[in-house]
Amino acid sequence: MSTEINMGEKPKRLHIGLTGSILIALGLGLLCGVIFHYLVPAGTVRDDVFVNGIFYVVGQGFIRLMQMLVVPLVFCSIVCGASSIGDTKTLGTIGLKTLVFYLCTTALAVTVALSIGNLINPGRDVDMSSMVASDTSTLSGSANTDVSFTDTLLNIIPKNPVQALASGDMLAIIFFALFVGIILSTMGRKVEVVHRFFEQFNDIMMKMTSMVMYVAPIGVFCLLARTFANIGFDAFLPMVKYMLGVLLALAVQCLVVYMVLLTVFARINPVKFLKKFVSVMMFAFSTATSNATIPLNIETLEKKMGVDRRISSFTIPLGATINMDGTSIMQGVAVVFTAQLFGVQLGPVEYATVIATATLASIGTAGVPSVGLITLSMVFNSVGLPLEGIALIMGIDRILDMTRTAVNITGDAVCTTIVAKRAGRMDTDVFNDPNAGSELDDVKAA
């Protein structure tokens with residue numbers, strides 16, 4: 001027996017993805033900032049060259065790149081998202097009920113997030129207002145507490161769409177984008193060229209987003225290094241409280257809100273539902289993408305729950321496009337976290353704006369990892385919050401992204417089950433059979 005050894009074979013390189021790079025940047029930025037705060041004496045080198053020089057310029061450059069993406073990305077993605085749901089008429093009232101259900105659960109999710117955020121106060125007792133750049137402390141689209149709620153509602157309809165796009169008036173942009181998308185869907189082949197233009201421009205913006213995210217580790221490092229260089233460990237506890245707040249809100253939405261909806265509207269056992277659906281939730285958690293879970297979600301609903309495939313094949317892809325409850329929860333807690341951290345006072349009008357913006361923005365949020373961070377900047381813009389808060393969130397977003405994806409796809413399945421049950425398109429014998437769909441688990445195990 002002889003053993004051949006290929007001396008020319010090169011060892012495989014250790015590949016660190018974007019998530020790993022951002023986590024490393026988070027740790028290094030924190031460490032560098034703490035060293036500068038506690039060990040490096042104040043002076044020209046520390047303060048002028050590094051903290052307010054290199055760290056500030058590079059960090060703010062990254063913030064500006066994210067600001068550059070917001071308006072065109074959100075506009076194009078919402079136009080494409082709205083135009084893709086025009087086939088709801090093929091399922092008549094089922095399509096309408098599904099759309100209304102998704103939007104209502106998303107609004108409820110943001111409300112839960114804002115409530116829990118204000119309950120645990122993740123950013124309280126830490127003043128970071130001095131960390132806000134002078135050009136981002138009052139962002140376009142900032143909330144004006146003197147504006148009445150009725151005026152806020154009227155301002156959703158733009159007098160001049162071009163002006164709304166230029167000024168970053170996010171609610172008005174979302175309204176106009178929805179209007180354009182719905183019209184595109186109803187006109188069909190007549191506007192095929194325009195439809196294709198928005199789809200291709202949306203692809204360009206997604207590619208641009210990927211390129212900006214490629215330099216995210218550098219931006220996160222500089223932003224966090226400057227933050228901790230100025231305030232030391234005081235910023236660490238708020239990050240932990242923010243993470244716990246998001247996880248708590250996600251748990252409430254998934255285990256309380258969804259299960260109550262199943263019990264009230266579908267009259268089925270929520271415990272049985274969770275037992276049958278947990279494998280899909282784990283798959284979504286591991287991939288952190290709603291789109292990749294669509295086939296398994298549809299198959300599980302048909303084989304284990306008894307849901308008519310003609311229903312799930314419509315509602316599940318639609319949910320992956322417009323039902324982002326988990327992402328909206330992250331955005332709601334992040335709003336409270338950042339507002340408290342930077343001393344921004346939010347009133348009922350601002351909270352209503354957050355609920356409306358996050359709910360409507362979910363229509364255009366792609367089901368891919370971490371895109372919620374980009375739309376988060378849009379939500380921040382709508383109520384005048386500084387984008388520096390996103391830097392603290394980025395480093396710990398991956399584990400939260402995985403968890404909220406599991407909540408997203410659970411919401412899709414709950415809606416589908418309720419709609420199918422009320423429409424008489426669900427076989428309850430299959431749902432009550434503990435062995436139904438066992439072949440799916442066998443395939444996964446193999």
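1. Observations regarding the overall build of the chain
- In terms of helices and strands, the chain carries 19 helices and zero strands.
- In the chain, the share of contacts with a sequence separation of at least 24, taken over all contacts with a separation of at least 6, comes to 85%.
- Here the chain displays about 20,300 Å² of accessible surface, and carbon together with sulfur accounts for 64% of that area.

2. A short note on the pattern of salt bridges
- Following the criterion strictly, the structure yields six salt bridges and no others.
- A salt bridge links D47 to R46, with the shortest nitrogen-to-oxygen separation between them at 2.9 Å.
- Given a relative accessible area of 14%, R46 falls into the buried group.
- Residues joined in a network through salt bridges with shared partners are E299, E302, K303 and R309.

3. What to know about helix α9 (residues 236-266)
- Taking 1.5 Å of rise per residue, the 31 residues of α9 would be expected to cover 45 Å, and the 44 Å separating its terminal C-alpha atoms lies within 8% of that figure.
- The axis of α9 is deflected most strongly, by about 30°, at Q253.

4. Quick look at a nonpolar patch on the surface
- Taken together, I24, L28, L31, I35, Y38 and L39 make up a surface patch of nonpolar side chains, about 600 Å² in accessible area.
- Mapped onto the elements of the fold, I24 is located in helix α1 (residues 18-38).

5. Regarding the packing of aromatic side chains
- A complete count under the given rule lists eleven aromatic pairs for this structure.
- For the ring pair F75 and F176, a centre distance of 6.0 Å and an interplane angle of 15° mean the geometry is stacked. On the criterion of sequence distance, the pair formed by F75 in helix α2 (residues 44-84) and F176 in helix α6 (residues 170-187) is long-range, its members being 101 residues apart.
- Assessed through its relative accessible area of 29%, F176 is described here as partly exposed.
- Taken together, the aromatic side chains of F75, F176, F197, F198 and F201 make up a single cluster linked through ring pairs.

6. A closer look at the nonpolar core
- Counting residues in each nonpolar core, the largest one holds 114 residues, and the members touching the most others are Y242 and F273.
- Sort the elements by how many residues they give to this core and α2 lands first, with 14 residues.
- C32, F55, C222 and A229 belong to the second-largest nonpolar core, a separate cluster that totals seven residues.

7. Some thoughts on the side chain of T105
- For T105, the location among the structural elements is in helix α3 (residues 93-120).
- Within the structure, the side chain of T105 is placed 2.9 Å from the backbone oxygen of Y102, a separation counted as a polar contact.

8. Re the confidence of the model for the chain
- Residue-level pLDDT values for the chain average 79, and 79% of them are 70 or greater.
- α9 holds the highest mean pLDDT among the elements of the chain, 91, whereas helix α19 (residues 438-445) holds the lowest, 54.
- Across residues 442-446 the pLDDT falls below 50, and counting only partners more than four positions away or on other chains, this stretch makes one contact in the model.

9. Section: the environment of G20
- Among the structural elements, G20 can be located in helix α1.
- Overall, G20 belongs to the partly exposed group, its relative accessible area being 24%.
- Taking the C-alpha atoms as reference, G20 lies 9.2 Å from P217; in sequence the two are 197 residues apart.

10. What about helix α8 (residues 216-231)?
- Between the first and last C-alpha of α8 there are 22 Å, a value that for 16 residues agrees with the 22 Å anticipated at 1.5 Å per step.
- Within α8, 13 of the 16 residues are buried, which leaves the element mostly enclosed by the surrounding structure.
- Of the residues flanking the end of α8, it is G232, one or two places downstream, whose phi is positive at about 65°.

What counts, and at which threshold
Residues numbered from 1 in each chain as written. Predicted model: local features only at pLDDT ≥ 70, side-chain atom pairs only at ≥ 80, totals over all residues. Heavy atoms only, no water. Helix = DSSP H or I, 4+ residues; strand = E, 2+ residues; numbered from the N terminus. Contact = heavy atoms within 4.5 Å. Areas by Shrake-Rupley, 256 points an atom, 1.4 Å probe, with all protein chains shown as cover. Salt bridge = Lys/Arg side-chain N within 4 Å of Asp/Glu carboxyl O. Buried < 20%, exposed > 50% of the residue type's maximum accessible area, 1.4 Å probe, protein only. Expected span 1.5 Å × (residues − 1). Bend = angle between axes of the 7 residues up to and from the residue. Patch = residues over 30% accessible without salt bridge, like charges linked within 9 Å, V, L, I, M, F, W, Y side chains within 5 Å. Phe/Tyr/Trp six-rings, centres within 6.5 Å; stacked < 30°, edge-to-face > 60°. Core = buried A, V, L, I, M, F, W, Y, C linked by side-chain atoms within 4.5 Å. Polar contact = N/O pair within 3.5 Å; in protein donor to acceptor, adjacent residues only side chain to side chain. pLDDT = per-residue confidence, 0-100.

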